[in-house]
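Understanding the architecture of this molecule
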Amino acid sequence: MKDAKACGHGDGTGDEVSCGRCDAICCRLTVVLDPDDRVPGHLTARTERGLPVMARDEEGWCVAVDPLRMCCTIYDQRPAVCRKFAMGGPYCREIRTTHHAQLRRGIPLTMY
Ligand code: SF4
Ligand code: SF4
């Protein structure tokens, strides 16, 4: 991604970690919606337990990801949980480490 801000993530500083050099890995996590979120309805879904979430495509990507730029297409309306997700924070680093280890071992993308 070329611009962390346009990609919808938090403001944390990330040393060597940058959304601009990441394949939007956090956009493959389950994104549970808050009642105050104003995400277009056609981009949402419900879990088996009825929780409102961002819908995902067959490979697990949030349907709001622009697949060419790997950026968030609903930046101004992105869910609260996405706004809070800090680039370079502990969770960001953890999922990047897991993802890259799986890629090195030839493990296909898995749903988180
Ligand atoms: S996983 Fe971290 S570095 Fe990658 S896009 Fe998300 S916030 Fe940015
Ligand atoms: S709403 Fe935007 S920032 Fe949040 S997971 Fe989807 S593409 Fe990523």
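Residues numbered from 1 in each chain as written. Chains lettered and ligands numbered in written order. Predicted model: local features only at pLDDT ≥ 70, side-chain atom pairs only at ≥ 80, totals over all residues. Heavy atoms only, no water.

Topic: the confidence of the model for the chain
- On average, residues of the chain score 85 in pLDDT, and 82% of them reach the 70 mark or higher.
- Every residue in residues 1-6 scores below 50 in pLDDT, and together they form 18 contacts with partners more than four places removed in sequence or on other chains.
- Across residues 10-14, confidence stays below pLDDT 50; counting only partners more than four residues off in sequence or on other chains, it has 11 contacts. (pLDDT = per-residue confidence, 0-100. Contact = heavy atoms within 4.5 Å.)

Regarding the nonpolar core
- Judged by nonpolar contacts, the single largest core of 25 residues is most densely connected at Met54 and Ile74.
- In contact with Met54, not counting residues within four places along its chain, are Val31, Leu33, Val39, Leu43, Thr44, Cys62, Ala64, Ile74 and Pro79. (Core = buried A, V, L, I, M, F, W, Y, C linked by side-chain atoms within 4.5 Å. Buried < 20%, exposed > 50% of the residue type's maximum accessible area, 1.4 Å probe, protein only.)

A closer look at the side chain of Arg96
- Within the element layout of this structure, Arg96 appears in helix H2 (residues 90-104).
- Summary of buried charges: Arg96 has no salt-bridge partner, and the nearest side chain of opposite charge, Glu16, is 6.2 Å away.
- Beyond its immediate sequence surroundings of up to four residues, Arg96 is in contact with Val17, Ser18, Arg21, Cys22 and Ile25. (Helix = DSSP H or I, 4+ residues; strand = E, 2+ residues; numbered from the N terminus. Lys, Arg positive; Asp, Glu negative; His and termini not counted. Salt bridge = Lys/Arg side-chain N within 4 Å of Asp/Glu carboxyl O.)

Digging into the site of ligand 2
- As a matter of local geometry, ligand 2 sits amid 11 residues, with Cys27, Cys62, Cys72, Pro79 and Cys82 nearest to it.
- For the shell around ligand 2, the class distribution of residues is 11 nonpolar, no polar and no charged. (Near = heavy atom within 4 Å. Nonpolar A, V, L, I, M, F, W, Y, C, P; charged D, E, K, R; others polar.)

A few points about the packing of aromatic side chains
- Throughout the structure, instances matching the rule amount to 1 aromatic pair.
- Between Phe85 and Tyr91, the aromatic rings sit 5.5 Å apart at their centres with planes inclined by 45°, giving tilted as the arrangement.
- Accessibility expressed as a relative area gives 45% for Tyr91, which makes it partly exposed.
- The aromatic ring of Trp61 is capped on one face by Arg28, whose charged end is 5.1 Å from the ring centroid.
- We note Arg78 situated over the ring of Tyr75; from NZ or CZ to the ring centre the distance is 4.0 Å. (Phe/Tyr/Trp six-rings, centres within 6.5 Å; stacked < 30°, edge-to-face > 60°. Lys NZ or Arg CZ within 6 Å of the ring centre and 35° of its normal.)

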